[in-house]
Amino acid sequence: MLQSPNIKLFDGIPLSVLDLAPITEGSTATESFKNSVELARTVESFGFNRYWLAEHHNMPGIASSATSVLIGHIAGSTKSIRVGAGGIMLPNHATLVIAEQFGTLESLYPGRIDLGLGRAPGSDQATAYALRRTLNRGAEEFPQQVDELEEYFHGTAQVRAIPGEGLNIPIWLLGSSDFSARLAAYKGFPFSFASHFAPQYTIPAIQLYKNNFRPSKTLARTYVMVGVNVIAADTDEKAAWLATSQQQQFLDLIRNMPSQLKPPVDNMDEIWSPLEKASVERTLDARSTIVGRPEHVREKLREFIKETEADEIIVNSQVFDPKDRIRSYEILAEMLV
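Enquirer: Any chance you could explain the overall build of the protein chain here in plain terms?
Expert: Regarding its fold elements, the protein chain presents eleven helices and ten strands. Classification of the 337 residues of the protein chain by burial places 55% in the buried group. Summed over its atoms, the accessible surface of the protein chain is roughly 14700 Å², and 51% of this surface lies on carbon and sulfur atoms. For the protein chain, the distance from the average position of its 32 positive side-chain charges to the average position of its 40 negative side-chain charges is 4 Å.

Enquirer: Just to check I follow, could you spell out the environment of Ser216 for this structure?
Expert: For Ser216, the location among the structural elements is in the loop between helix 7 (202-212) and strand 8 (224-232). A sequence separation of 55 residues divides Ser216 from Ile271, and the C-alpha atoms of the two residues are 50 Å apart. If near-sequence neighbours (up to four positions away) are discounted, Ser216 is found in contact with Lys187 and Gly188. Only 2.8 Å separates the side chain of Ser216 from the backbone oxygen of Gly188, close enough to count as a polar contact.

Enquirer: Whenever I open this one, unusual backbone geometry confuses me. Can you help?
Expert: Most peptide bonds adopt trans geometry, and most residues besides glycine take a negative phi value. For the peptide bond that leads from Gly86 to Gly87, omega is 10 degrees, which places it in the cis range. In this model, Ile162 is joined to Pro163 through a cis peptide bond whose omega is -5 degrees. In this structure, Pro163 sits in the loop between helix 5 (142-154) and strand 6 (171-175). Not every positive phi belongs to a glycine, and Glu309 is a case in point at roughly 55 degrees. One can find Glu309 in the loop between helix 10 (294-308) and strand 10 (312-316).

Enquirer: So what exactly am I meant to see when it comes to the side chain of Ser36 here?
Expert: On the secondary structure map, Ser36 appears in helix 1 (residues 29-46). Residues contacting Ser36, with those up to four places away along its chain left out, are Asp19, Ala21, Tyr51, Ile74 and Arg325.

Enquirer: Mind showing me how you'd approach the environment of Ser16 here?
Expert: Take Ser16: it is sitting in strand 2 (residues 13-19). When the C-alpha positions of Ser16 and Thr104 are compared, they lie 23 Å apart, and in sequence the two are 88 residues distant. Those residues in contact with Ser16, other than ones at most four positions away along the chain, are Phe48, Asn49, Arg50, Met225, Glu312, Ile313, Ile314 and Val315.

Enquirer: In this structure, what is going on with the pattern of salt bridges? I would like to understand it.
Expert: Under the criterion given, the structure shown has 23 salt bridges. Salt-bridge contacts for Glu150 lead to Lys187; the nearest nitrogen and oxygen are separated by 2.4 Å. Of this pair, Glu150 sits in helix 5 while Lys187 sits in helix 6 (residues 179-187), placing them 37 residues apart in sequence. Neither residue differs from the other here; Glu150 and Lys187 are each classed as buried. Lys262 serves as the salt-bridge partner of Asp252, at 3.3 Å between the closest nitrogen and oxygen. Taken together, the positions of Asp252 in helix 8 (residues 236-254) and Lys262 in the loop between helix 8 and helix 9 (274-283) put the pair ten residues apart, joining distant regions of the chain. Judged by relative accessible area, which is 7%, Asp252 ranks as buried.

Enquirer: What exactly am I supposed to notice about helix 10 here?
Expert: For an α-helix, the turn length of 3.6 residues means that residues three or four places apart are oriented alike. Here helix 10 is 15 residues long and its end C-alpha atoms lie 21 Å apart, about the 21 Å a rise of 1.5 Å per residue gives. Looking one or two residues beyond helix 10, the residue adopting positive phi is Glu309, at roughly 55 degrees.

Enquirer: Quick question: what am I supposed to make of the side chain of Ser288 here?
Expert: Among the structural elements, Ser288 can be located in the loop between helix 9 and strand 9 (289-292). Here the side chain of Ser288 touches Ser195 through a polar contact of 3.0 Å, landing on its backbone oxygen. In this structure, Ser288 is in contact with Ser195, His196, Pro199, Val228, Asn229 and Phe304, ignoring residues within four places of it in sequence.

Enquirer: Looking at this structure, I do not really get helix 1. What am I missing?
Expert: When the terminal C-alpha atoms of helix 1 are compared, their 25 Å separation across 18 residues agrees well with the 26 Å that a helix rising 1.5 Å per residue should span. Turning to helix 1, its buried residues number three or more, namely Ser32, Ser36, Val37, Leu39, Ala40, Thr42, Val43, Glu44 and Phe46. On its buried face, helix 1 is in contact with strand 2, strand 3 (50-53), helix 2 (67-77) and helix 11 (322-333). Looking one or two residues past helix 1, Gly47 carries a phi angle of roughly 100 degrees, positive in sign.

Reading guide: rules and limits
Residues numbered from 1 in each chain as written. Predicted model: local features only at pLDDT ≥ 70, side-chain atom pairs only at ≥ 80, totals over all residues. Heavy atoms only, no water. Helix = DSSP H or I, 4+ residues; strand = E, 2+ residues; numbered from the N terminus. Buried < 20%, exposed > 50% of the residue type's maximum accessible area, 1.4 Å probe, protein only. Areas by Shrake-Rupley, 256 points an atom, 1.4 Å probe, with all protein chains shown as cover. Lys, Arg positive; Asp, Glu negative; His and termini not counted. Charge placed at Lys NZ, Arg CZ, Asp CG, Glu CD. Contact = heavy atoms within 4.5 Å. Polar contact = N/O pair within 3.5 Å; in protein donor to acceptor, adjacent residues only side chain to side chain. Salt bridge = Lys/Arg side-chain N within 4 Å of Asp/Glu carboxyl O. Expected span 1.5 Å × (residues − 1).

Pasting the structure below:
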């Protein structure tokens, strides 16, 4: 797989960054974008491989809804790190538009753009309708849309994508279940699994991908990148405190009350019920949500890589204070060689 120059490795594999462009409580999207630029420049200097942004809509705490625009902003603010979508929710868009947008990005920043595709709406049904104006085209047509996108890049479609046609833009399929694992194997694409919020399906999906993989012109062997939450701090106590922001975020989603990313709290038991706690902890499973001091993070990340046999890890650090978020990645960077 294409990699950023001068990357460093953790136990022989690259680490990358997933940024949800959090809007923290009391702040704005403008501040979120400034924080993302600072983080991208920092992790680039640390030797991380990719910097991906995810498409979400109607979410008060996530600023990356216009994903392609933000990718261009981050790529323009950095020098060498690969920048991409983790991912674009393809059913929300006309495939020609995505081909042109990413053709434009690749033309502006040659050799640095990744296109990760998902089939979920990244929103609720009302928002999906607002984006598409119809719900006739849904996730079931995702394979056809992927084929269309390839045709635009290969120059075999009836309509030409200018820019886009003839460009080598890596296409990844993203998944949190087995559907995209099967399709990625069939197409011979790299596969990225969202273990950071669907941990129970991780191993079955990876095995399904590897067992059914068909080599393609772009990929001779399987390539798996797995998402993991890492909240690292200098002490276990500080890391656990920082992690309460992410716990509150998922709690708000369970309650169907999405909000801006909240500051840490001292006692989550004052906020959630036992049933809600169990639900959040199932999503933020201890295997794919690693919280603690450097030694603990190193040990658990090694265990995670051994279990998943991942070729690359993409790390989400959903932390309230931008300085603490950078410190979390800095701790990981100290483990890179």
